[in-house]
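Chain and residue survey
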Amino acid sequence: MGRSFARYDRVSFSRNSWRCLATTLVVLTTGYGTGAHAPALHSRTKSIHASDDPQDQPLPGAEGVVIAYLAARGWVNDFDPPGIESPEAQQEITGAAGVCIVLRQSGRIVGVGLDHVGDERMLRRAVGRALGQVLSDHAVARLPKDLRDEIGLSLTLEMDVAGPFIPLPGRTFDQIASRLEPGMDGIAIRKGETWDIRFPAQLMAMNNARNITGLLRGMAARLGFPRRTLREIRQQETITIYRFRTIRLAQLTPQGFPFQTHRSDDLVTRPDITPHRIIDLADGIADHLYSRLWPQEWPGDAGEAYRKPPGLKGDYNPIADDYKPLVAPIMEQALAAFALLEYAETRKADQSRSEQARQVAHRILLDLALLDETNREGLNDPIACAALIYAFCDMTDDELVPALATLRDDAIRRILDCLQPQGEFRMTLTDGGNRHIPPHGQAMLAGALSRAWARELDPSLEKQSVRQAIDAAWQSIPVPQQVTLLPWIGWAESDYALGSGGNLTNQTRLLTLRQAVEASRIDGSDASVPLDLDGGFSVSGRLSGTTPRATSQSLRLAVWIAGILPDSRLVMPAELASVREGHLHTIRFLLQLTARSTSSWRYRSPQRTFGGVRQALWDTDMPLAAQILGLLTASETIRSLEKLTQFQNQ
């Protein structure tokens, strides 16, 4: 199905008019790549041995899938599917080995139905099972009968249609999991005539695609093999593990036009990334952060107001529509304030947005400064203190009320207390001992000192101490792993050069890091790579026979690349065009990670979800850390592109 299929038509359709759309939809699907493949086998008990590349596997014919979707939509609207033996129940989908139906009401899953027999009544059985679950839903069961009869008109329909089952070789669950593409591959395990099957739509709907190894073990346990390795199972019983690809259709609203999804999302393309779109991206992430603020007034159980929880809520789970932890860690709160202040500088052209970001950042920091003694323990963490320093470096003197000035000075003292004579950082414990700080944390501490020194935040900071701290951070980890020190080590060197008025001390090292980062960027022009991964960074490498994986961890690298685009010491003029273009592909990946209005059908609370950066394309959780890195990356990109435009004009 072409890109036109992803355009959303909000016109309402009557029950009968759905069937009238079939001819039009078939025309729209003509030329879709998967429709040109050879037809798949019909029965679930059959499989094919094909190439290792899942892109080469045949899929059901697109025309049949669309017509089947319209039939299913009509049955759901009526909430009274035809009798299983009636001619109306026959709906053959050429090449389909199975079908999964997911029904949602306002984003909440109320029914799931599967069938994998492969005959012409497969769709009817799957729809009937899903509707049966709807009737057993506690909220639906309480409705009056006349409203229950109309409930189908309020449900959105997602349909996943499977191609053939492909046997997967592998000696361990981990090995098999590495060959599966989360959110795109379905999984089936067969023991004799007993099957356990998971469709990609199911896995994405319940957010179970993020741990494929655990999923495989759970499926094996349901077949009677709890707590067994794959080798032990095969010594006892013959089992076969399969993968399969699907065509997935969904709709934005119950009356909306159906469209094809990719990992239950629409595909962002490189031409979508314009300067205005990047600004919208930053605005959306900032708005999502604002939605995590605790209310100013927090009523007590007896109706009395007591002190509200500080700052921001923690990681957001859109499936459960809740936050864990309810109060975000102090380090992440401080980094969120830092990201908002950076964003405020970027958006000075929009005074209202800039002021709002600064006010929210100020409020977060003030909440931390006013914590009572029982909740201040987190402020003793030197890494949290480093995060605070980054935020305070972006504040004006007018914003530094006495409570914040005290918090800033305490944070600097705490970091200096951890600095050893040789430049290494160790955390002093209450019993007089000390604890080693990991390399990434050391880079963050060194970066905070470097920025505080460059911006003259504390006159007691000495140039030599800052240099020793940066050098110790470099030496805290082997050279091949130094990319994990980003972005902090890169920022530390740039701030040190700014403060000393000299050149980059470790320019060669930084150039090497930049090249390593770019070498790990996923190239969407590779036919074996899913298009939605284009621009992400495969930070953990890629095993032979597997596709690369990219998550929100990519943004730790992206935010540094964004900031160095105008720096001719690290991006030579002859390289600028290619480095800039590569980074814009990474921004494409960031936008792909964010929840947009086009995916609102998936979420119980779209307004809390919009603008949020997901953990991965197959993981709907929205960690606060991902929001921070996403906002910093978008803000740095806006700033760098503006600088490059100024250079070109000059």
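These numbers come from a predicted model, not from an experiment. (Residues numbered from 1 in each chain as written. Predicted model: local features only at pLDDT ≥ 70, side-chain atom pairs only at ≥ 80, totals over all residues. Heavy atoms only, no water.)

**What about the overall build of the protein?**
In terms of regular secondary structure, the protein is built from 23 helices and 15 strands. Within the span of the protein, comprising 650 residues, buried residues form 56% of the whole. In the form shown here, the protein has an accessible surface area of approximately 27,000 Å², with 51% of it arising from carbon and sulfur atoms. (Helix = DSSP H or I, 4+ residues; strand = E, 2+ residues; numbered from the N terminus. Buried < 20%, exposed > 50% of the residue type's maximum accessible area, 1.4 Å probe, protein only. Areas by Shrake-Rupley, 256 points an atom, 1.4 Å probe, with all protein chains shown as cover.)

**Examining the environment of Leu457**
Its place among the elements puts Leu457 in the loop between α16 (439-454) and α17 (463-475). By relative accessible area, which is 16% here, Leu457 ends up buried. In the structure, Leu457 is positioned 64 residues away from Cys393 in sequence and 7.1 Å away in space, judged by C-alpha atoms.

**Details of the side chain of Arg363**
In this structure, Arg363 sits in helix α13 (residues 351-369). For the buried Arg363, no salt bridge is present, and the opposite-charge side chain at shortest range is Asp367, 4.5 Å distant. (Lys, Arg positive; Asp, Glu negative; His and termini not counted. Salt bridge = Lys/Arg side-chain N within 4 Å of Asp/Glu carboxyl O.)

**What to know about the pattern of salt bridges**
One pass over the full model with this rule turns up 40 salt bridges. Residue Arg353 pairs with Asp287 through a salt bridge whose shortest N-O separation is 2.9 Å. With Arg353 in helix α13 and Asp287 in helix α11 (residues 275-290), this residue pair connects regions lying 66 residues apart in the sequence. You can call Arg353 buried: its relative accessible area is 17%. In this structure Asp287 comes out as partly exposed when scored by relative accessible area, which is 33%. Across the salt bridge formed by Arg608 and Asp321, the nearest N and O atoms sit 3.2 Å from each other. Residue Arg608 is found in helix α22 (residues 606-609), and its partner Asp321 is found in the loop between β12 (315-317) and β13 (322-324); the two are separated by 287 residues along the sequence. Taking the relative accessible area as the measure of exposure, Arg608 reaches 33% and is therefore partly exposed. Several salt bridges share partner residues, and in doing so they unite Asp283, Asp287, Arg347, Asp350 and Arg353 into one network.

**Brief notes about the sheet that holds strand β1 (residues 98-105)**
A sheet is described by the order of its strands in space; here five strands give the open sequence β2-β1-β3-β8-β9, paired in antiparallel fashion. Every other strand in the sheet has two partners, leaving β2 (108-115) and β9 (258-260) as the edge strands with one partner each. Adjacent strand axes in the sheet meet at a mean angle of 20° when their direction is disregarded. For strand β8 (residues 246-251) and β9, the ladder comprises three bridges, and the chain directions are antiparallel. By the bridge assignment for β9, Gln251 is matched with Pro258. The sheet strands contacting helix α4 (residues 122-136) are β1, β2 and β3 (156-162), and the helix crosses β2 at an angle near 150°. (Pairing = 2+ DSSP bridges. Axes fitted to C-alpha atoms, helices over the stretch in contact; angles between N-to-C directions. Contact = heavy atoms within 4.5 Å.)

**Digging into helix α15 (residues 402-418)**
With 17 residues, α15 ought to run about 24 Å at 1.5 Å a step, and its terminal C-alpha atoms sit 25 Å apart, in line with that. Taken together, the buried positions of α15 are Leu404, Ala405, Leu407, Arg408, Ala411, Ile412, Arg414, Ile415 and Cys418. Elements in contact with the buried residues of α15: α13, α14 (382-392), β14 (426-428) and α16. (Expected span 1.5 Å × (residues − 1).)

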